[in-house]
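Reading the structure
Now for the letters of each chain:
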Amino acid sequence: MSDPEDDKSDAFVLYRDRPEWRDVVPLRQDDDASVVAIAYSEKFSDVFDYFRAVLKADERSERAFHLTTDAAKLNPANYTVWHFRRILLKELTLSLDEEKRFCSDIIREEPKNYQLWYHRRILVEWMGDPSGELDFTEAVLEQDSKNYHTWSHRQWLIKEFNLWDGELVYIDELLRQDVRNNSAWNQRYFVISSTSGWTPDVLKRDAEYTVQFIKKAPNNESAWNYLSGIVVGQRKSTYGGLKDTCLEMLSNHIQSPHLLSFLVDIYEEEALDRENDSRNDSLPQALELCRKLGSEVDTIRKKYWDYRSRKLEQDYRESQ
Amino acid sequence: MESHGGSTFCAVASLALMKRLDGTFSDVKLEGLKRWCVQRQQTGFNGRPNKPVDTCYSFWVGATLKLLGCYDMIEKDFNRGYVLEAQSPMTGGLSKYHDTHPDALHSYLGLSGLSLLGEPGLLPVDPALNISLRAVQHLHELRH
């Protein structure tokens, strides 16, 4: 956005050369103490010299507002500019629809800028109207389906304005495009937790849903994490035939580290359960899987799997 | 929101600075946290499942693992190799990935991540404060 070539364009006149700004004394930035002084362009220094001046004078005018437009475009990360701009938006009762369009334009160029998303949220709060917001986040997610700012804004919109309807359908569509989209899996957890909650029926449905995706892509960490997450209140070793499902995948030579890891959790649970008659068999099963993970299937985490083995043996001894 | 290496570091480091790391999490949660962090390693580290690895997570996730007492569980050679690959041979500095523009953030965090590995020539770094131990010592001296 801060293109030094703009200095040469016919459109831009430096503020110091504008007759209508002659009454303002520009304020230089105090760079004397800078260890590494930034090489600002002439246009940048000019715009910010005048911004510092109107800020100090607290000049709440239309011309000050247009100045913040130039300043914001030069450095959209300057939160002082946005702060002052919001004061002017209120004071001069300017069009918030137009402001949202301006905000959208810069977000499209800099979608990971904190100040822009914060500004957008404030505008939507002031307007009390989320129209077009979900669509906007969708458009941004189409460019980057995992943009954290965008998901955060989308979650806020949904909670604030009760826009839960249709979200699961949207998430499902995203997962069909990319089953590895961790943000989409997270959003699913968010929606269900906040709406129906994890009732037995919902849990059953979602475990089956997740297993379908796992079977299509067995080495997908996100789906396995989701599955582990939703069965937190259950026993992995007995819930919903998951153990059988996993053993079947194992017998089909699926070498996914996440599959083996899930089975380690299952055998660990059994081994440490005093009520379980066959727990003596579960311990060696768990240890064998840890060995396989550390030496063949998930070698980068060998030391972790060695740790799990030691911990399993220790916990087993202590549970006797 | 999604679990993220950056926010995970902030949470764990904050607890460590408050001397509340012990006792805040149940054993099950603590083990889950260690596991999640260890899972971030592909070569270097990513910040979320199924995201590409990025130099800065060698610090965010590395430091978290240090604070959790299980930094030695990582594969150090791959981690070191990744960070060194992220250097910009033309201009200097480090980037988030190999062959992209370097910046101050990734340069600093890459170095910090290498320091956690015990890289010779770098000052040891405090994993919770993300400044050198020398700077920490200096801060303590200022207080007295």
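Everything numeric in this text was worked out from a predicted model, so none of it was measured. (Residues numbered from 1 in each chain as written. Chains lettered and ligands numbered in written order. Predicted model: local features only at pLDDT ≥ 70, side-chain atom pairs only at ≥ 80, totals over all residues. Heavy atoms only, no water.)

**Observations regarding the overall build of chain A**
Each helix and strand in chain A was counted, giving 15 helices and 0 strands. Taken over C-alpha atoms, the radius of gyration comes to 28 Å for chain A, far larger than the 20 Å a tight globule of 320 residues would show. Principal axes of the C-alpha set define a box for chain A whose edges measure 90 × 45 × 35 Å. Buried positions account for 49% of the 320 residues belonging to chain A. Taking contacts inside chain A between residues at least 6 apart in sequence as the whole, the part at least 24 apart equals 63%. Element-wise, carbon and sulfur atoms account for 48% of the exposed surface of chain A, whose accessible area totals about 16700 Å². Placing the 44 positive and 59 negative side-chain charges of chain A at their respective mean positions leaves the two points 3 Å apart. (Helix = DSSP H or I, 4+ residues; strand = E, 2+ residues; numbered from the N terminus. Rg over C-alpha atoms; globule rule 2.2 N^0.38 Å. Buried < 20%, exposed > 50% of the residue type's maximum accessible area, 1.4 Å probe, protein only. Contact = heavy atoms within 4.5 Å. Areas by Shrake-Rupley, 256 points an atom, 1.4 Å probe, with all protein chains shown as cover. Lys, Arg positive; Asp, Glu negative; His and termini not counted. Charge placed at Lys NZ, Arg CZ, Asp CG, Glu CD.)

**Some thoughts on the overall build of chain B**
Helix and strand content of chain B: 6 helices and 2 strands. Its helices and strands taken in sequence order, chain B reads α-α-α-α-α-β-β-α from the N to the C terminus. The C-alpha atoms of chain B give a radius of gyration of 15 Å, which matches the 15 Å a tight globule of 144 residues would have. Projected onto its principal axes, the C-alpha coordinates of chain B cover approximately 45 × 45 × 25 Å. Put simply, chain B has 144 residues, and 48% of those count as buried. Residue pairs in contact within chain B that sit at least 24 positions apart in sequence constitute 55% of those at least 6 positions apart. Looking at chain B as shown, the accessible area adds up to about 7500 Å², and 59% of this sits on carbon and sulfur atoms.

**Examining the side chain of N220 of chain A**
With respect to the helices and strands, N220 of chain A occurs in the loop between helix 10 (200–216) and helix 11 (221–230). Side-chain polar atoms of N220 of chain A contact the side chain of N50 of chain B, separated by 2.9 Å. Excluding residues within four positions of it along the chain, N220 of chain A makes contact with V179, R180, W185 and H258 of chain A together with N50 of chain B. (Polar contact = N/O pair within 3.5 Å; in protein donor to acceptor, adjacent residues only side chain to side chain.)

**A few points about the environment of E85 of chain B**
Tracing the backbone through its elements, the reader meets E85 of chain B in helix 4 (residues 76–85). Between the C-alpha atoms of E85 of chain B and K66 of chain B, which are 19 residues apart in sequence, the distance is 23 Å.

**Concerning the interface of chain A and chain B**
The interface of chain A with chain B comprises 24 residues on the first partner and 22 residues on the second. Summing the contributions of chain A and of chain B, the shared interface buries around 2300 Å²; its carbon and sulfur component is 47%. Of all residues in chain A, the largest losses of buried area upon contact with chain B belong to Y148, I300 and R301 of chain A, amounting jointly to 30% of the total for that side. Taken together, the connections running from chain A to chain B amount to 1 salt bridge. The closest approach of N and O atoms between E221 of chain A and R40 of chain B, which form a salt bridge, is 2.7 Å. In this assembly, chain A and chain B are joined by 16 residue pairs in polar contact (both at pLDDT 80 or more). In terms of residue count, helix 15 (residues 302–318) of chain A provides more of the side of chain A that touches chain B than any other element does, 5 residues in total. (Buried area = accessible area lost by both parts, 1.4 Å probe. Salt bridge = Lys/Arg side-chain N within 4 Å of Asp/Glu carboxyl O.)

**Brief notes about the layout of surface pockets**
In this model, the largest pocket occupies a volume close to 1900 Å³. As for the largest pocket, its lining consists of 48 residues, and the residues nearest its centre are S228 and V232 of chain A together with V28, G32 and L33 of chain B. Considered class by class, the residues forming the lining of the largest pocket number 18 nonpolar, 15 polar and 15 charged. As for the second largest pocket, its lining consists of 31 residues, and the residues nearest its centre are K112, Y114 and H149 of chain A together with H4 and Y57 of chain B. (1 Å grid on protein atoms, 1.4 Å probe; cavity = no way out; pocket = protein on both sides within 12 Å on 5 of 7 lines; lining within 4 Å. Points joined across faces, edges and corners; volume = space filled by probe spheres on them. Nonpolar A, V, L, I, M, F, W, Y, C, P; charged D, E, K, R; others polar.)

**A look at helix 12 (residues 242–251) of chain A**
Residue and element names in this part refer to chain A. Among the residues of helix 12, those classed as buried are L242, T245, C246 and M249. One side of helix 12 holds all its buried residues, which, seen down the axis, span an arc of 95 degrees. Taken from the residues just after helix 12, H253 is the one with a positive phi, measuring 65 degrees. (Arc of directions from axis to C-beta.)

**Quick notes on the confidence of the model for chain B**
The pLDDT averaged across chain B works out to 97; a share of 100% of its residues lies at or above 70. Confidence estimates for the predicted assembly give a pTM of 0.95 and an ipTM of 0.97. (pLDDT = per-residue confidence, 0-100.)

**What about the nonpolar core?**
Ranked by internal contacts, the top residues of the largest apolar core, which has 83 residues, are W185, W224 and L227 of chain A together with L65 of chain B. The element best represented in this core is helix 13 (residues 257–271) of chain A, accounting for 8 residues. Dropping the residues within four chain positions of it, L65 of chain B is found in contact with K34, C37, V38, F45, C70, Y71 and I74 of chain B. One finds F12, Y15, V47 and L89 of chain A within the second-largest nonpolar core, a separate group that totals 33 residues. (Core = buried A, V, L, I, M, F, W, Y, C linked by side-chain atoms within 4.5 Å.)

**Focus: empty space enclosed by the protein**
All names here are of chain A. Considering all chains together, one arrives at 1 cavity of 30 Å³ or more under this definition. One number sums up the size of the largest cavity: a volume of about 30 Å³. If you list the elements that add at least two residues to the lining of the largest cavity, you get helix 10, helix 11 and helix 12.

**Focus: the side chain of D70 of chain A**
Residues and elements named next belong to chain A. Residue placement: D70 occurs in helix 2 (residues 62–74). Separated by 2.6 Å, the side chains of D70 and Y15 make a polar contact. Non-local contacts of D70, meaning those with residues more than four positions away in its chain, are made with F12, Y15, R18 and V47.

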